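For reference, the chains in residue letters:
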Amino acid sequence: GKPVYIEQLSEYCHVSRNTVFNDLRMVVNQLQSYNLTLEYESKKGYRVAGDEIRIRALFFSYFSELLPLYQSGVITFVNQEELKQNLQKLQVIEKELNTKYVEGVLISLAALLPLMYKNESALYFPELRKEEIFRTKEFGLVEQYFSDLNEMEKIYLCMHLLGSRVAVLTERFFDDHA
């Protein structure tokens, strides 16, 4: 994403620059637990640096906490209209899969999708068994509703849909002789 400046953060949050600096120290510590760093360039501001998948994991763990701020219009970096459209598509997928996703997952994915369209850094999944993912119903639906995403982003989205169900205990994980 785009780098941010202390001034922007202090305006956004209606707090002093000092408060922002103090909070950034905490941010740096949080980032370390994800193996990420906070980088600063003088003309460019701050940005989170490191593995794209880890950056997204961080986004996921915090976006649902930020939801009230988003809903009240304080957070403006997420386009409301795009989020709504993406969320509707994801809810259709949820229905078609006849499943229920963990609270907050679909809205976080909906907020992340615009970044997935713009992302230029290649995603890397070690040991990925692509063919197996391509065979899932989830992947078919991602193809259908998000056909213009690049292939790795489709796989990324699909992996979230495969892994975030409320109940993953479907029959295909069990032998059928009781």
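What you see is a predicted model, and the numbers here were worked out from it, not measured in a lab.

Colleague: I'd like a rundown of the overall build of the chain, residues and numbers included.
Modeller: In terms of helices and strands, the chain carries eight helices and two strands. Referenced to the eigenvectors of the C-alpha coordinate spread, the extents of the chain come out at roughly 65 × 35 × 35 Å. Here the chain holds 178 residues, and 34% of them are scored as buried. When the 20 basic and 25 acidic side-chain charges of the chain are each reduced to a single mean position, those positions are 3 Å apart.

Colleague: Quick one: what's the story with the environment of Ala111, residue by residue and with numbers?
Modeller: As for its placement among the helices and strands, Ala111 is situated in helix α5 (residues 105–118). You can call Ala111 buried: its relative accessible area is 5%. Taking the C-alpha atoms as reference, Ala111 lies 21 Å from Leu36; in sequence the two are 75 residues apart. Not counting chain neighbours up to four residues away, the residues in contact with Ala111 comprise Phe59, Phe63, Val78 and Leu83.

Colleague: How would you sum up the nonpolar core? Please name residues and give values.
Modeller: By size, the foremost hydrophobic cluster in this structure holds 35 residues, and its most contacted members are Phe63, Leu83, Leu90, Leu109, Phe146, Leu157 and Leu161. Only α3 (52–71), α4 (80–96), α5, α7 (137–145) and α8 (151–163) provide two or more residues apiece to this core. Considering each element in turn, this core owes the most residues, nine residues, to α5.

Colleague: Which residues make up a nonpolar patch on the surface, and what values go with them?
Modeller: A surface patch of nonpolar side chains, about 200 Å² in accessible area, is lined by Leu66, Leu69 and Val74. Here Leu69 shows up in helix α3.

Colleague: Please provide a residue-by-residue account of the packing of helix α1 (residues 6–13) against helix α2 (residues 17–33), values included.
Modeller: At a minimum axis distance of 9 Å, the contact between α1 and α2 shows a crossing angle of 105°. When the axis of α1 is compared with that of α2, the two are roughly perpendicular. On the side of α1, the interface is formed by Ile6, Glu7, Leu9 and Ser10, while α2 contributes Arg17, Val20, Phe21 and Leu24. Class assignment for the residues of the contact of α1 with α2 results in five nonpolar, one polar and two charged.

Colleague: Describe the side chain of Arg56, and please don't skip the residues or the numbers.
Modeller: Residue placement: Arg56 occurs in helix α3. Setting aside its immediate chain neighbours within four residues, Arg56 contacts Leu112, Met116, Asn119, Leu123, Glu153 and Tyr156.

Colleague: Describe the packing of aromatic side chains, with residues and values.
Modeller: Taken as a whole and assessed by the stated rule, the structure comprises four aromatic pairs. Ring centres of Phe59 and Phe60 lie 6.3 Å apart, and the angle between their planes is 80°; this geometry places the pair in the edge-to-face category. Both residues of the pair, Phe59 and Phe60, count as buried. Pairing Phe59 with Phe63 gives two aromatic rings, centres 5.2 Å apart and planes at 15°, and the pair type is stacked. Remark: Phe63 and Phe59 occur in helix α3; sequence separation between them is four residues, near one turn of the helix. Grouping residues by exposure puts Phe59 and Phe63 together as buried. By the ring-pair criterion, three or more aromatic residues cluster together here, those being Phe59, Phe60 and Phe63. Between Arg56 and the ring centre of Tyr156, over which it is positioned, the NZ or CZ distance is 4.6 Å.

Colleague: Help me get a handle on unusual backbone geometry, residues and values and all.
Modeller: We note that Asn35 has phi near 60°; this positive angle belongs to a residue other than glycine. Judged by relative accessible area, which is 57%, Asn35 ranks as exposed. Although it is not a glycine, Asn98 adopts a positive phi angle of roughly 55°. Looking at the element boundaries, Asn98 is found in the loop between α4 and α5.

Colleague: I'd like a rundown of the side chain of Thr99, residues and numbers included.
Modeller: In this fold, Thr99 is placed in the loop between α4 and α5. Leaving out residues up to four positions away in the same chain, Thr99 has contacts with Glu94 and Arg165.

Procedures and definitions
Residues numbered from 1 in each chain as written. Predicted model: local features only at pLDDT ≥ 70, side-chain atom pairs only at ≥ 80, totals over all residues. Heavy atoms only, no water. Helix = DSSP H or I, 4+ residues; strand = E, 2+ residues; numbered from the N terminus. Buried < 20%, exposed > 50% of the residue type's maximum accessible area, 1.4 Å probe, protein only. Lys, Arg positive; Asp, Glu negative; His and termini not counted. Charge placed at Lys NZ, Arg CZ, Asp CG, Glu CD. Contact = heavy atoms within 4.5 Å. Core = buried A, V, L, I, M, F, W, Y, C linked by side-chain atoms within 4.5 Å. Patch = residues over 30% accessible without salt bridge, like charges linked within 9 Å, V, L, I, M, F, W, Y side chains within 5 Å. Areas by Shrake-Rupley, 256 points an atom, 1.4 Å probe, with all protein chains shown as cover. Salt bridge = Lys/Arg side-chain N within 4 Å of Asp/Glu carboxyl O. Axes fitted to C-alpha atoms, helices over the stretch in contact; angles between N-to-C directions. Parallel < 35°, antiparallel > 145°, perpendicular 65-115°, else oblique. Nonpolar A, V, L, I, M, F, W, Y, C, P; charged D, E, K, R; others polar. Phe/Tyr/Trp six-rings, centres within 6.5 Å; stacked < 30°, edge-to-face > 60°. Lys NZ or Arg CZ within 6 Å of the ring centre and 35° of its normal.

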